[in-house]
Amino acid sequence: MAPVRQCWGGRMSPPGPLLLLLILIILPSCLLTVKVSPLIEKISDHKDFKKLLRTRNNVLALYSKSASAAERQLKLLSDVAQDVKGTATVSWIDCGDSEGRKLCKKMKVDPSNKSNGLELLHYKDGTFHTEYNRPGTHRSLVAFLKDPEGAPLWEENPEAKDIVHLNTEKEFRKLVKKEERPLLVMFYAPWCSMCKRMMPAFQQAATDVKGSYVLAGLNVHPPEFERLKEEYNVKGYPTILYFEKGKFLFNYEKYGATAKDIADWLKNPQPPTPEEPEVPWTEQDSAVYHLTEGDFDEFLKDHASVMVMFHAPWCGHCKKMKPDYEKAAETLHKETGVGVLAAVDGTAHRALSERFKISGFPTVKYFENGEEKYTLPHLRTEQKIVEWMHNPEAPPPPEPSWEEKPSSVLHLVGEEFRESLKKRKHALVMFYAPWCPHCKSAVPDFTNAADILKEDRKTAYAAVDCTKPKNQELCKQEGVEGFPTFNYYNYGKFSEKYNGERTESGFIGFIRSLRERDHSKLGKKKEEL
């Protein structure tokens, strides 16, 4: 009778017949009472649940066959709900009570079919998104709810079981201090493409050297790791650090390495070979005038016709252009009344870069009588530079961008992305960068496919320029790791990646196969009716 005493909360006399009957009625519900965090929304009415989905765009719903089946999971989800407060909503539907049973039936969910009596479903932007099938850990659940379409955590990969997965700075420092074996730690960011390319080799190496060496990983992208990144001079991802007996020795910088390369290096670790210092571009033995913030305006006053190349010491395209620019300067130097060539290190003279709105290197500008007249992106070779300086004229107008050309492709930006796709049953989206050669090759075929199927209002071919500031976060959320990336969406919900041929027939055939599948399903339904 101890549970009953606890339920009533008082001292009990031996129960009489009436009291015993009352106890038998109340006892089951008393014993099955589950304590639920106020952060978890307990739902039993279908209208309330629909309202929740309308008003919240990131909802994780726990369906349980009974209250007792949910008890353990609810404890975990209570902590999760606390950590995602303001970002996501956690709800619970008990399919075991009468009201909850009606709701579960309407939502076509039956957790009694599951071995544990639970079903965990995610809803995004008011509609079903996916069944949660990642590890049922606090860390994985929080990561999922903070980014429902993001990549799984590295530790969720079973092939990375021999990596020591660190979560906090405290864990990192504890490992470094106590580990006696040589230690290699990868500082990474989940979205970093170079990290993703290197992870398979790193985790295989961890397995191959297990017992002799330790390989660890820590996502240092969150803001709480700023101090750690500053301490170890993290300028990019991945940054891989090598430790022996608690002491940091040097970085590992062979980013294209195989598992064997990493294992071999650990047997004889060596510091990275120092890079050759950048050779500054100076006026010594040069026909190019190198200008500074101090003499720039005076030089333009003294020279009526000046071409200026804004460059950076580290810029590969600048290095490639310098020899032609030098030769052109030497050719022009032998002539009179033609003009001169000058250069400005835009990284050393930032005031000039800001003044002339230099956003990339190299940038070539032409000045006439001290005034800026043209920006010349098309001049890169000696011959073209010399010819142009003999006859300075406005450069040809830039070729219109893809979205400026008339076509049936929907060019989407930021917040309009999801809303536009919700109206289309089938949408193939090309995520691209204007400078990407593979994207440029695919554009004509993708555009033709859109024009051919433009009469189908349920179908869309759309494009997202990932270099636009408003699209950068969107492209990251949609799992874009390289260009071009093609994603297929069904009424705004991501369905699959398109990996078919990047041809007009490939793009059209993909959509037509989906429509044929729809017709086939419709035919079956009619037959059933």
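Keep in mind that this is a model prediction, so the values were computed, not measured.

A.B. asks: I'm lost on the overall build of the protein in this one. Help?
C.D. replies: A tally of helices and strands in the protein yields 18 helices and 20 strands. If you take every contact in the protein between residues at least 6 apart in sequence, the share linking residues at least 24 apart comes to 69%. Of the accessible surface of the protein, which amounts to about 30,600 Å², a share of 51% is contributed by carbon and sulfur atoms.

A.B. asks: For this particular structure, what's the right way to read helix α16 (residues 437-452)?
C.D. replies: Residues that lie three or four places apart on an α-helix share one face, since the helix turns once every 3.6 residues. The first and last C-alpha atoms of α16 sit 24 Å apart over 16 residues, in line with the 22 Å expected at 1.5 Å per residue. Of all the residues in α16, the buried ones are C439, A442, V443, F446, T447, A449 and A450.

A.B. asks: Would you explain the pairing of strand β15 (residues 371-375) in this entry?
C.D. replies: Here is the key point about a regular strand: its side chains alternate between the two faces of the sheet. Here strand β14 (residues 363-368) pairs with β15 via four bridges, running antiparallel. Within β15, the position partnered with E368 by the bridge is E371. From the end of β14 to the start of β15, which pair antiparallel, there are two residues, and N369 there has a positive phi angle of about 55°.

A.B. asks: What should I look at first to understand the sheet that holds strand β9 (residues 239-244) in this one?
C.D. replies: Two strands in a sheet stick together by hydrogen bonds in their backbones, pointing the same way (parallel) or opposite ways (antiparallel). Read across the open sheet, the five strands follow the order β6-β8-β7-β9-β10; overall the sheet is mixed. Edge strands, defined here as strands with exactly one partner in the open sheet, are β6 (164-166) and β10 (247-252). Here the strands of the sheet are splayed against their neighbours by 25° on average, with no regard to which way each runs. Sheet analysis places β6 next to strand β8 (residues 214-219), joined by three bridges and oriented parallel. Directly across from L166, in β8, lies its bridge partner L218. Where helix α7 (residues 169-178) meets the sheet, its contacts fall on β6, β7 (183-188), β8 and β9, and the angle it forms with β6 comes to roughly 140°. Together, β7, β8, β9 and β10 form the strand contacts of helix α8 (residues 193-208), whose direction differs from that of β7 by roughly 160°.

Parameters at a glance
Counting starts from 1 at the beginning of each chain's written sequence and moves along it residue by residue. In keeping with the model being predicted, local features are shown solely for residues with a pLDDT of at least 70 and side-chain atom pairs are shown and tallied solely at 80 or more, while totals for entire chains, interfaces and linings include all residues. Note: side-chain values were computed over all heavy atoms of the structure, leaving out hydrogens and water. We count a stretch as a helix when DSSP gives it H or I for four or more residues in a row; a strand needs E for two or more, and each element gets its number in order from the N terminus. Should any heavy atoms of two residues lie within 4.5 Å, those residues are considered in contact. Residue burial considers only the protein chains on display, and all accessible areas are found by Shrake-Rupley using a 1.4 Å probe. A helix is expected to span 1.5 Å for every residue after the first. Categorising residues by exposure relies on relative accessible area from a 1.4 Å probe, with only protein chains included: less than 20% of the type maximum marks a residue as buried, more than 50% marks it as exposed, and the intermediate range marks it as partly exposed. DSSP bridges decide pairing: two strands pair if at least two such bridges lie between them. To get an axis, a line is fitted to the C-alpha atoms, and for a helix only the part in contact is used. The angle between two axes follows their N-to-C directions and goes from 0 to 180 degrees.

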